[in-house]
Amino acid sequence: MLATGFASREDCQFAYFCDVDRKMYDSRAKGIAACQGGKMPVYAADFRKMLDELDKSIEAVTVGTPDHTHTVAAMDAMRRGKHVYCEKPLAHSIGEIRALMATAHERKVITQLGNQGHSSNDIRSLCEWI
C-alpha cells in the first residue's frame, strides 16, 4: 500500500526502495517502476545495508517495516541524521519513545508519526458521514 499510494502521484519519485518481504517487494517494485517510466530505484532487502552504502544521498526515510522493527529502523536513520516519517506504532515502550525523542533533538531531524491507512479519501468520506 505504501508504494502504490506514492507511486500513483506524479509529483513523487522514489530514491531507493527496500522490503524484506520478497513477495511484497516484487509487487511494489513493479508498481513503482511503471510510475517512473520503467526506472526502478529498488536497492536491497536490508535497510541497514542501504543506509550504509547510500548514506550521503538519502535525506529522509519512511519507515513502514513490521511493527516490532519501527524503533530500530527509525533510530538507525535518525542517528545518521535522516528525517523520519514512521508508521504507527512508533515504539513499544516509553523508554523507546524517550530514546527516539532524545536522538531526534540531538541530531536536529524532523520526525513524524502517522497512519497512512487513515489518510485515504474513503476514510475522509466515512468521517464526513459520521
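Below is a summary of the structure that appears in this document. (Residues numbered from 1 in each chain as written. Predicted model: local features only at pLDDT ≥ 70, side-chain atom pairs only at ≥ 80, totals over all residues. Heavy atoms only, no water.)

## Here we look at the pairing of strand S1 (residues 60–63)
And then number 1: Alternating positions in S1 separate cleanly, Val 61 and Val 63 being buried on one face and Ala 60 and Thr 62 remaining unburied on the opposite face.
And then number 2: As a crossover connection, the stretch from S1 through helix H4 (residues 70–79) into strand S2 (residues 83–87) is right-handed. (Buried < 20%, exposed > 50% of the residue type's maximum accessible area, 1.4 Å probe, protein only. Helix = DSSP H or I, 4+ residues; strand = E, 2+ residues; numbered from the N terminus. Right-handed = clockwise from strand over helix to strand, strands pointing away.)

## Description of the pattern of salt bridges
And then number 1: Scanning all chains against the criterion turns up four salt bridges.
And then number 2: The shortest N-O distance in the salt bridge between Asp 55 and Lys 82 comes to 3.1 Å. On the criterion of sequence distance, the pair formed by Asp 55 in the loop between helix H3 (47–54) and S1 and Lys 82 in the loop between H4 and S2 is long-range, its members being 27 residues apart.
And then number 3: Across the pair Arg 80 and Asp 76 runs a salt bridge whose closest N-O atoms are separated by 2.8 Å.
And then number 4: Classification of Arg 80 as partly exposed rests on a relative accessible area of 24%.
And then number 5: A residue is classified by how much of its surface remains accessible, and Asp 76, at 19% relative accessible area, is buried.
And then number 6: Connected through salt bridges with shared partners, the residues Asp 52, Asp 76 and Arg 80 form a single ionic network. (Salt bridge = Lys/Arg side-chain N within 4 Å of Asp/Glu carboxyl O.)

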